[in-house]
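Take a look at the letters that make up each chain.
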Amino acid sequence: MSEKLIFNCTNGPESPERAILPFVAANIAAAAGQEAVVLCTIEAVRLGTEGGTAGVESPGLPTLTDLFAEFIGNGGTVWLCGACTKPRGITEDVVAKGAVIVGAAKVVEEVVAGAKTVAFA
Amino acid sequence: MTTEAAATALLAAITSRDMAATAAALHREVRVRALLPGQVELIDGSPEVAARLEAWFGGAEPFEVVTKEVRPVGDKVAIAYRFRLTRPGADAPTEIEQTWMCAGTNGTIETADVLCSGFRPLARSTATTHDYDAGSLGCADGLTAAFKERLTGVGVGDLLRVTTIDPSAKEDLPALARLMGHTVRSVEAHTDGALTITVERGR
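Now for a look at the structure at hand.

### Digging into the sheet that holds strand β1 (residues 5-9) of chain A
Residue and element names in this part refer to chain A.
Here comes step 1: Reading across from one edge, β4-β3-β2-β1-β5 is the order of the five strands in this open sheet, with parallel pairing throughout. Edge positions in the sheet fall to β4 (99-102) and β5 (116-119), since each of these pairs with one other strand and no more. Across the sheet, the mean angle separating the axes of adjacent strands is 25° when strand polarity is ignored.
Here comes step 2: When strand β2 (residues 36-40) meets strand β3 (residues 77-81), the two strands line up parallel, connected through four bridges. By the bridge assignment for β3, Cys40 is matched with Leu80.
Here comes step 3: Here helix α4 (residues 104-112) sits on the sheet in contact with β1, β2, β3, β4 and β5, set at roughly 125° to β3.

### A word on empty space enclosed by the protein
Residue and element names in this part refer to chain B.
Here comes step 1: Scanning the entire structure with this criterion turns up one cavity of 30 Å³ or more.
Here comes step 2: The calculated volume of the largest cavity comes to roughly 30 Å³.
Here comes step 3: Every element with two or more residues in the lining of the largest cavity is listed here: β1 (26-36) and α3 (46-57).
Here comes step 4: With four residues, the single largest contributor to the lining of the largest cavity is α3.

### Some thoughts on the layout of surface pockets
Regions of empty space are outlined by a rolling probe, equal in size to a water molecule, passed over the atoms.
Residue and element names in this part refer to chain B.
Here comes step 1: Approximately 750 Å³ is the volume found for the largest pocket.
Here comes step 2: Along the walls of the largest pocket sit 27 residues, with Pro37, Gly118, Phe119, Arg120 and Arg203 positioned nearest its centre.
Here comes step 3: Going through the elements one at a time, α3, β5 (94-103) and α5 (167-179) are the ones with two or more residues in the lining of the largest pocket.
Here comes step 4: The leading source of residues in the lining of the largest pocket is β5, at three residues.

### Considerations on the pairing of strand β2 (residues 39-44) of chain B
All names here are of chain B.
Here comes step 1: In this sheet, β2 lies alongside β1 in antiparallel orientation, the contact comprising six bridges. Each bridged residue has a counterpart across the sheet, and for Ala34 the counterpart in β2 is Glu41.
Here comes step 2: Between the antiparallel neighbours β1 and β2 lie two residues, among them Gly38 with a positive phi of about 85°.

### So, the side chain of B:Asp158
Here comes step 1: Within the secondary structure layout, B:Asp158 lies in the loop between α4 (143-152) and β9 (159-164).
Here comes step 2: Engagement of the side chain of B:Asp158 in a polar contact is seen with the backbone nitrogen of B:Thr128, the distance being 2.9 Å.

### Notes on the interface of chain B and chain A
Here comes step 1: Contact residues are listed per partner, giving 16 residues for chain B and 14 residues for chain A.
Here comes step 2: Around 1,100 Å² of area is buried between chain B and chain A when both sides are counted, 60% of it from carbon and sulfur atoms.
Here comes step 3: For the pair chain B and chain A, the number of links is five salt bridges.
Here comes step 4: Between A:Glu92 and B:Lys170 there is a salt bridge whose closest N-O contact spans 2.9 Å.
Here comes step 5: Applying the counting criterion to the chain B and chain A interface returns 10 residue pairs in polar contact (both at pLDDT 80 or more).
Here comes step 6: Split into classes, the residues belonging to the side of chain B that touches chain A amount to seven nonpolar, three polar and six charged.

Here is what the cut-offs are and how they apply
- Residues numbered from 1 in each chain as written.
- Chains lettered and ligands numbered in written order.
- Predicted model: local features only at pLDDT ≥ 70, side-chain atom pairs only at ≥ 80, totals over all residues.
- Heavy atoms only, no water.
- Pairing = 2+ DSSP bridges.
- Helix = DSSP H or I, 4+ residues; strand = E, 2+ residues; numbered from the N terminus.
- Axes fitted to C-alpha atoms, helices over the stretch in contact; angles between N-to-C directions.
- Contact = heavy atoms within 4.5 Å.
- 1 Å grid on protein atoms, 1.4 Å probe; cavity = no way out; pocket = protein on both sides within 12 Å on 5 of 7 lines; lining within 4 Å.
- Points joined across faces, edges and corners; volume = space filled by probe spheres on them.
- Polar contact = N/O pair within 3.5 Å; in protein donor to acceptor, adjacent residues only side chain to side chain.
- Buried area = accessible area lost by both parts, 1.4 Å probe.
- Salt bridge = Lys/Arg side-chain N within 4 Å of Asp/Glu carboxyl O.
- Nonpolar A, V, L, I, M, F, W, Y, C, P; charged D, E, K, R; others polar.

Okay, structure coming up:
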């Protein structure tokens, strides 16, 4: 039985507000003791690299650098879609602490086991 | 007839694969709740229960009753059995154990909760290991299809040893194996960044 809450993030540095919001929600979940994951797909995979959150800011929201660190500190995990990291040349050696490259089967297994997913537009 | 007598008759019918007797041993509107590998199945009515048992065990050859027992549990009766069988179309024998917790009145079984192991491969000391180098195949590169094809070529109970250097495959292969009903026997990381996952084909 999986009790994970998986928050999908599809936007990267090119759209700061859309990039930060999933992390805001996921961090709240993690701070509340839930098993929270941010699943980064498409351009969001860049956020999971060393230095990938630099400069990702939006009025009224915490900086993603601070938020990312707080999320990991609260026990959160960041998954980077393998199908999205590969064409972008993102390899394991540039992945940030707390992030890991995964494939679809990993996500499917969690959902089949009962994980809940949250999609952000 | 007591519930124990009805359960004893049910056990005799199931272990002899007499589905007509199985249906007769159950209340016509029996409600069975079966916990099967990966799912819960609700089976209502004695004909439907008999049909389900026929689907599981009918036609298996050889078919051996390894153990069977009946035991009262307060006002309920438990029956349990273990079979060793080779199902039609299967290339290797399997074992299955089911336990029924039966309840009823007036000597009929009206409800039953069933716990099922699923068809388990027999432990083989001479399992064959097959090697597959998946290289850099990943999530979107056809890894799933390739992995599935390779496993199909391995006998039930045999091992497929997969080596990969793709980061997503390292996380995905164990999950894929489990989703497909197989067992991950070991995961070994290498100093060059590669990973070897050994999977036992389960079905």
